[in-house]
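So the chains spell out like this:
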Amino acid sequence: MSFLQLHGLTKTFADITAVDKLSLDVDKGEFVSLLGPSGCGKTTTLQMIAGFVDVTAGSIILDGKDITFAKPNERGLGIVFQTYALFPHMTVEKNVAFGLEMRKVPGSEIATRVKSALAMAQLEKFAQRYPRELSGGQRQRVALARALVIQPPVLLLDEPLSNLDANLREEMQFELRRIQQQAGTTTIMVTHDQAEALSVSDRVVVMREGKVIQIDEPYAMYENPATPFISRFVGKTNAFAVTLTTTAQGRQFDLDGHRITLAAETDLAASDGAHEALVCVRPEKIVIRPQGQGRFAGSIKNSFFLGNMWMYEVQAAFGLVIVSVINNHEPVYKIGENVSLDWHEGALKVLAAESVGDS
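Counting restarts for each chain, with residues numbered from 1 along the sequence as it is written. Confidence filtering applies because this is a predicted model: local features only for residues at pLDDT of at least 70, side-chain atom pairs given and counted only at 80 or more, and all residues used for totals across whole chains, interfaces and linings. Calculated side-chain values reflect all of the structure's heavy atoms, with hydrogen atoms and water omitted.

S.K.: Help me out: how do you make sense of the sheet that holds strand 6 (residues 78-80) in this one?
M.R.: Sheet strands pair by backbone hydrogen bonding; their relative direction is either parallel or antiparallel. Strand order in the open sheet formed by six strands is 6-7-8-3-9-10, with mixed pairing between adjacent strands. This sheet does not close on itself; its edge strands, each paired only once, are strand 6 and strand 10 (211-216). Looking at each pair of strands side by side, their axes are set apart by 15° on average, direction ignored. Sheet topology note: the strand 3 (residues 31-35)/strand 9 (residues 203-208) ladder contains four bridges and is parallel. The partner of V32 across the bridge, within strand 9, is R203. Its contacts with the sheet place helix 1 (residues 42-50) against strand 3, strand 6, strand 7 (154-158), strand 8 (186-191) and strand 9, and it is angled at close to 145° to strand 7. Pairing between strands requires that DSSP locate at least two bridges from one strand to the other. Per the convention used, a helix needs a DSSP run of H or I reaching at least four residues, while a strand needs a run of E reaching at least two, with both numbered from the N terminus. Fitted lines through C-alpha atoms serve as axes, helices being fitted only where they are in contact, and the angles separating the N-to-C directions of these axes extend from 0 to 180 degrees. Between two residues, a contact is recorded if the distance between any of their heavy atoms is within 4.5 Å.

Laid out in structure tokens, this is it:
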């Protein structure tokens, strides 16, 4: 039996269904991220787990106990808000100890557990500082330490890194994962940042309009998106509408005068006759070469230098193609330059015809 179970969890506000029959099983110690655009229902789901929002239908089972209608303070969960909600008049040490004091934990035990939590979050030397004297990353770690020191069965994170600048946010992703793994606490995180979700999670739950669209491990989701929406939302992608036919040689389609045969392991189920499909390929899986050295002709429409890579927009006969190239001192292509594109057939992902209209 899973440690945390959400069964048909539903929340309606008047005539709006914010969360629609969401079901999810989370193992003990697992890190799961709820990912999706604003308004998809991910924060409402987290708030129902926390007890801040009443459940319209469904149930929440924690370690075999039904907590669907339990009060928030009876659930014993650890929560980190995006604003951190630290007490400005308390030192770091006092902030971390606060939850234990409210639970009437003996003073000697409080001292031991606070010391351990500060060490885990690498905050020992900041124990006597106030929140205003800390950086954003340090305040985030204080909030994590305060949530974990009470030894909660589940840690809930609501956009915990959203207030950090880009460089610190990336650094804190790995710090967050390190602390969670060290504590071994079952964790549910809400985020709209796909890179954040992919980098720290054991599994990712993509939501859209209150519904779960796909649940998978990060790599599996990135490589095998279930719908065009996930293909675009979880990373960048190039998508081409094609007419797919099944022949003796396999499933094929025509693109810019070339007959393309799909790899045998492509997920789309085979069917007779011709039908519309969507072929997707990630920017990093496309090879850009000098003119005439690849199958597909194109010209550089735009280029963007991102430090560790170049991102090119290439105009091909079948559309505008995004290509990412690692910055490894190879010659840089210029705007207007004629080039050619290619890829391995195994890089192509095909989505079923009924998903083509998904956006």
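S.K.: Where do I start with the side chain of Q214 in this structure?
M.R.: Relative to the helices and strands, Q214 resides in strand 10. Within polar-contact distance, the side chain of Q214 engages the side chain of D216 at 3.4 Å. The definition of a polar contact used here is a pair of N or O atoms within 3.5 Å, where within protein one atom must be able to donate a hydrogen and the other to accept one, and adjacent residues in sequence count solely through side-chain atom pairs. Within the local environment of Q214, its side chain forms a polar contact with the backbone oxygen of N224, the two atoms lying 3.2 Å apart. With residues up to four places along the chain from it excluded, the contact list for Q214 reads V204, V205, V206, M221, N224, P225, A226 and I230.

S.K.: Looking at this structure, how should I read the pattern of salt bridges?
M.R.: Pairing is possible between side chains of opposite charge, provided their charged atoms come close. By salt bridge we mean one thing: a side-chain nitrogen of Lys or Arg within 4 Å of a carboxyl oxygen of Asp or Glu. Within the structure shown, the criterion is met by 13 salt bridges. Salt-bridge contacts for K211 lead to D20; the nearest nitrogen and oxygen are separated by 2.5 Å. On the criterion of sequence distance, the pair formed by K211 in strand 10 and D20 in strand 2 (residues 16-26) is long-range, its members being 191 residues apart. On the accessibility criterion, K211 (43% relative accessible area) is partly exposed. Across the pair R169 and D193 runs a salt bridge whose closest N-O atoms are separated by 3.7 Å. Of this pair, R169 sits in helix 6 (residues 166-183) while D193 sits in the loop between strand 8 and helix 7 (194-200), placing them 24 residues apart in sequence. Classification of residues uses two cut-offs on accessible area relative to the type maximum, computed with a 1.4 Å probe and protein chains only: under 20% is buried, over 50% is exposed, and between them is partly exposed.

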